[in-house]
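Descriptive structure summary
Residues per chain, in single letters:
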Amino acid sequence: MEEARQKYYPTILQGIHLVILYIFIQTIVDFPLALIDYYTGSEYLYNPIKKIALGVGSVVFILLYGIRKSKSPVLQIFPFKLFNPLIFLPIVAFLWGAHNFLDVANAKVEQLLPPPPWFWELFNRIFEGDYGFMGAFMKVSVIAPVVEELIFRGLLLNGFRRNYNGFVAVFMSALLFSLFHLNPWQMPATFVLGLLLGWLMLRTNNILVAIIGHSINNTLVLLSVTYWQQIREHPIYLQEKEQLLYQSGLIIGLSVLLMILTSIPWLRKNRKLS
């Protein structure tokens, strides 16, 4: 019986292999360019043409490889079932509240494992666009969500949810998603985001919900990085930390309830995989 459950691609081990393969493809190009930049003062690593070519090429390879190994219909791997668009309202509220708690978690991680200076430089480069704010928005809020969701809530979660129960499928896809970023200071946030998006996939069975949810999260982060000073001067952030977290907790709880309610009709119709 156990062997019959494990026949679909990918299993957890195969999912780990797929993520490592994707990272390896990125590394064999980025590492030598990083060395050249370090010794020559150039910026080949951040060249827009290189980033587009590597990003598109590696993603297309991984998707084609995974789809071929899966032997499943494309619309089963990347489902587009009907869903209630009102679900995005509680998603925004949930992510806002979760970010306030994650700020506390991230601060504790940084105390235990202080990030080196190069990390903050790299982190800031992620949110710097080659064409200003709109360039950063396209990279962080459009391209990254599409690419990462097709892999993690598409290829990986499709196989996991057919081989394991829902909890294991969502948990492992979220864990691999957080490890994929190779960033211990970002792991709490990416793990929570992965849990949310995986759960939403089980509820709605629509990859578009996961992509838009991911985009909303990244947009909130981009706005907080870009307008950090203005945001922190807002009255809601000038109150006591405990009060802010209490309000955030209430909003998170209400948001989860609303996400459940806005996904119930579609869940009943689309519970089974195609």
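Located above this text is the structure these notes cover.
First things first, this report covers the structure right here in the doc. Everything quoted here is computed from the prediction, not taken from an experiment.

Analysis parameters
Residues numbered from 1 in each chain as written. Predicted model: local features only at pLDDT ≥ 70, side-chain atom pairs only at ≥ 80, totals over all residues. Heavy atoms only, no water. Helix = DSSP H or I, 4+ residues; strand = E, 2+ residues; numbered from the N terminus. Contact = heavy atoms within 4.5 Å. Phe/Tyr/Trp six-rings, centres within 6.5 Å; stacked < 30°, edge-to-face > 60°. Buried < 20%, exposed > 50% of the residue type's maximum accessible area, 1.4 Å probe, protein only. Lys NZ or Arg CZ within 6 Å of the ring centre and 35° of its normal. Core = buried A, V, L, I, M, F, W, Y, C linked by side-chain atoms within 4.5 Å. Salt bridge = Lys/Arg side-chain N within 4 Å of Asp/Glu carboxyl O. Axes fitted to C-alpha atoms, helices over the stretch in contact; angles between N-to-C directions. Left-handed = near helix turned anticlockwise from the far one by under 90°. Nonpolar A, V, L, I, M, F, W, Y, C, P; charged D, E, K, R; others polar. Expected span 1.5 Å × (residues − 1). Parallel < 35°, antiparallel > 145°, perpendicular 65-115°, else oblique. Patch = residues over 30% accessible without salt bridge, like charges linked within 9 Å, V, L, I, M, F, W, Y side chains within 5 Å. Areas by Shrake-Rupley, 256 points an atom, 1.4 Å probe, with all protein chains shown as cover.

What follows covers the overall build of the chain. Scanning the chain from terminus to terminus reveals 13 helices and zero strands. Starting at the N terminus and ending at the C terminus, the chain contains elements arranged as α-α-α-α-α-α-α-α-α-α-α-α-α. Expressed as a percentage of contacts within the chain between residues at least 6 apart in sequence, the contacts between residues at least 24 apart total 79%.

What follows is about the packing of aromatic side chains. Applying the stated criterion across every chain yields a total of nine aromatic pairs. With a centroid separation of 5.4 Å and 25° between ring planes, the pair formed by tyrosine 22 and phenylalanine 180 is classed as stacked. Separated by 158 residues along the polypeptide, tyrosine 22 in helix α2 (residues 12-40) and phenylalanine 180 in helix α8 (residues 166-180) bring together distant segments of the chain. Ring geometry for phenylalanine 83 against phenylalanine 88: centres 5.7 Å apart, planes inclined by 85°, an arrangement best described as edge-to-face. Here phenylalanine 83 matches phenylalanine 88 in class, with each residue buried. An aromatic cluster of three or more residues is present, and its members are Tyr22, Phe152, Phe177 and Phe180. Looking at arginine 153, its charged tip hangs above the ring of phenylalanine 177, at a distance of 4.5 Å from the centre. Directly above the aromatic system of tyrosine 8 lies the positively charged group of arginine 162, at a separation of 3.8 Å from the ring centroid.

Turning next to unusual backbone geometry. Geometrically, the link from tyrosine 9 to proline 10 is a cis peptide bond, its omega value of -5° lying close to zero. Among the secondary structure elements, proline 10 is positioned in the loop between α1 (2-5) and α2. At lysine 71, a position not held by glycine, the phi torsion is positive, near 60°.

All right, on to the nonpolar core then. Nonpolar side chains in soluble globular proteins tend to be buried together. The biggest cluster of nonpolar side chains holds 46 residues, and the ones touching the most others in it are Ile91, Phe152, Phe160 and Leu200. Of all the secondary structure elements, the ones that give two or more residues to this core are α2, α3 (48-70), α5 (88-112), α7 (132-163), α8, α9 (187-204), α10 (207-226) and α13 (241-269). A per-element tally of this core places α7 first, with eight residues. Those residues in contact with leucine 200, other than ones at most four positions away along the chain, are Ile87, Ile91, Asn205, Val209 and Met259.

So, about the pattern of salt bridges. Going through the model one piece at a time under the given rule, you end up with two salt bridges. The shortest N-O distance in the salt bridge between arginine 153 and glutamate 149 comes to 2.7 Å. Of the two residues, arginine 153 and glutamate 149 are both situated in helix α7; the distance of four residues between them amounts to about one turn of the helix. By the burial criterion, arginine 153 is buried, and glutamate 149 matches it.

In helix packing, the relevant descriptors are the interaxial angle and the interaxial distance, both defined with respect to the helix axes. In contact at an axis separation of 9 Å, α7 and α8 are set at 145° when each is read in the N-to-C sense. The handedness of the crossing between α7 and α8 is right-handed. Between α7 and α8, the residues in contact are Glu148, Phe152, Arg153, Leu156, Leu157, Phe160 and Arg161 and Ala169, Val170, Met172, Ser173, Leu176, Phe177 and Phe180, respectively. Tallied by class, the residues present in the contact of α7 with α8 amount to 10 nonpolar, one polar and three charged.

Glancing now at α5. Between its first and last C-alpha atoms α5 spans 35 Å; for 25 residues at 1.5 Å apiece the expected length is 36 Å, and the two agree. Those residues of α5 that fall on the buried side of the exposure criterion are Phe88, Pro90, Ile91, Phe94, Leu95, Gly97, Ala98, His99, Asn100, Leu102 and Asn106.

Another aspect to go through is the packing of α5 against α9. Packing of α5 against α9 leaves a shortest axis separation of 9 Å and a crossing angle of 150°. Here α5 is positioned roughly antiparallel relative to α9, judged by the angle of their axes. Along this stretch, α5 crosses α9, giving a crossing that reads as right-handed. Contacts between α5 and α9 involve Ile91, Phe94, Leu95, Leu102, Ala105, Asn106 and Val109 on the former and, on the latter, Pro188, Ala189, Val192, Leu193, Leu196 and Leu200. For the contact of α5 with α9, a count of residues per class yields 12 nonpolar, one polar and no charged.

Along the polypeptide, tyrosine 46 turns up in the loop between α2 and α3. Spatially, the C-alpha atom of tyrosine 46 lies 9.2 Å from that of leucine 33, the residues being 13 residues apart in sequence.

Turning next to a nonpolar patch on the surface. On the surface, Phe31, Leu35, Tyr38 and Tyr39 cluster together into a nonpolar patch covering about 550 Å² of accessible area. Secondary-structure assignment places tyrosine 38 in helix α2. On the accessibility criterion, tyrosine 38 (66% relative accessible area) is exposed.

By themselves these figures say nothing about function.
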